[in-house]
Amino acid sequence: SRACPGKSRPWEGLGEAEEKRGRHRAAESAFRRALTLDPLNYRPARSLGHILSMQGRHEEAVAVLEQGLKSFPGEESSSLDMANSLEALGRGPQAVEILKTAAALSPEYAMLHYNLGVALIRQGRDAEAVGPLRTTVALVEDPAWLRGREGSESRKIPPSPPRAALSMALC
């Protein structure tokens, strides 16, 4: 970032390094600098939005994540963080729409379907939740889907929470 202060990518890399070290303020600053230099780069928006969301700064997170989702609609991590922040702000119907869009664009990303189903249950829309939760269960229990996803974010869902949520929706 010192060698190329006018380029976005080094600031993004600095932000990632600072975040890994647990230095969230420094990471936030670097990601903001990266976005100033390249407002269309979704990666620093995704990372900054995640930091803000985890800190409970949901209004800020939504603004930053919206910027990133304009560049890369349906990006999985941004969509999940955006939905979480929207729900925390009491904007559940908007969270559902974000998750529906992302799930349609990434049909094999189980976490999107799971979060969509849970968001629908929270809104009392149990009948609508059945479809996304069945998709989640089918994905996480399919041996062909599991192969090659050992380190994937979607792979981190054990089958029991989606089954439990599906049971709730069916009841």
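Presented here is an overview of the structure given in this document. (Residues numbered from 1 in each chain as written. Predicted model: local features only at pLDDT ≥ 70, side-chain atom pairs only at ≥ 80, totals over all residues. Heavy atoms only, no water.)

Focus: the overall build of the chain
So, point 1. Looking only at helices and strands, the chain features ten helices and zero strands.
So, point 2. In sequence order, the chain lays out its α and β elements as α-α-α-α-α-α-α-α-α-α.
So, point 3. Taking 2.2 N^0.38 as the reference for a compact globule, 171 residues should give roughly 16 Å; the C-alpha atoms of the chain span a radius of gyration of 17 Å, in line with that estimate.
So, point 4. With respect to the principal axes defined by its C-alpha atoms, the chain has extents near 60 × 35 × 25 Å.
So, point 5. In the chain, which comprises 171 residues, the proportion classed as buried is 43%.
So, point 6. Here the analysis covers contacts within the chain between residues at least 6 apart in sequence; of these, 51% occur between residues at least 24 apart.
So, point 7. If you sum the accessible surface of the chain, you get close to 8,800 Å²; carbon and sulfur atoms cover 54% of it.
So, point 8. Computed over 23 positive and 21 negative side-chain charges, the separation of the two mean positions in the chain equals 5 Å. (Helix = DSSP H or I, 4+ residues; strand = E, 2+ residues; numbered from the N terminus. Rg over C-alpha atoms; globule rule 2.2 N^0.38 Å. Buried < 20%, exposed > 50% of the residue type's maximum accessible area, 1.4 Å probe, protein only. Contact = heavy atoms within 4.5 Å. Areas by Shrake-Rupley, 256 points an atom, 1.4 Å probe, with all protein chains shown as cover. Lys, Arg positive; Asp, Glu negative; His and termini not counted. Charge placed at Lys NZ, Arg CZ, Asp CG, Glu CD.)

Observations regarding the side chain of Glu12
So, point 1. Checked against the element boundaries, Glu12 lands in helix α1 (residues 8–20).
So, point 2. When neighbours within four sequence positions are excluded, Glu12 is seen to be in contact with Phe31, Ala34, Asn41, Arg43 and Pro44.

A word on the nonpolar core
Note on soluble globular proteins: their nonpolar side chains tend to be buried together.
So, point 1. Counting residues in each nonpolar core, the largest one holds 37 residues, and the members touching the most others are Leu99, Leu112 and Leu133.
So, point 2. Per-element accounting of this core gives the leading share, eight residues, to helix α7 (residues 110–122). (Core = buried A, V, L, I, M, F, W, Y, C linked by side-chain atoms within 4.5 Å.)

Observations regarding the packing of helix α6 (residues 92–105) against α7
So, point 1. Look at α6 against α7: their axes get within 9 Å of each other, and the N-to-C directions meet at 155°. One element, α6, and the other, α7, form an angle in the roughly antiparallel class. Like other packed secondary-structure pairs, α6 and α7 cross with a definite hand, here left-handed. Note on element contacts: α7 touches α6 through Leu112, His113, Asn115, Leu116, Ala119 and Leu120, opposite Val96, Leu99, Lys100, Ala102 and Ala103. (Axes fitted to C-alpha atoms, helices over the stretch in contact; angles between N-to-C directions. Parallel < 35°, antiparallel > 145°, perpendicular 65-115°, else oblique. Left-handed = near helix turned anticlockwise from the far one by under 90°.)

Examining the packing of aromatic side chains
So, point 1. Taken as a whole and judged by the stated rule, the model has one aromatic pair.
So, point 2. Between Tyr42 and Phe72, the ring centres sit 4.6 Å apart and the planes meet at 85°, which makes this aromatic pair edge-to-face. One end of the pair, Tyr42, is in helix α3 (residues 42–54); the other, Phe72, is in the loop between α4 (58–71) and α5 (76–88), and 30 residues separate them in sequence.
So, point 3. Note that Arg43 overlies the ring of Tyr42, its terminal NZ or CZ placed 5.9 Å from the centroid. (Phe/Tyr/Trp six-rings, centres within 6.5 Å; stacked < 30°, edge-to-face > 60°. Lys NZ or Arg CZ within 6 Å of the ring centre and 35° of its normal.)

Re the side chain of His113
So, point 1. Positionally, His113 belongs in helix α7.
So, point 2. Among the residues examined, His113 registers a relative accessible area of 9% and is labelled buried.
So, point 3. Side-chain polar atoms of His113 contact the backbone oxygen of Pro107, separated by 2.9 Å. (Polar contact = N/O pair within 3.5 Å; in protein donor to acceptor, adjacent residues only side chain to side chain.)

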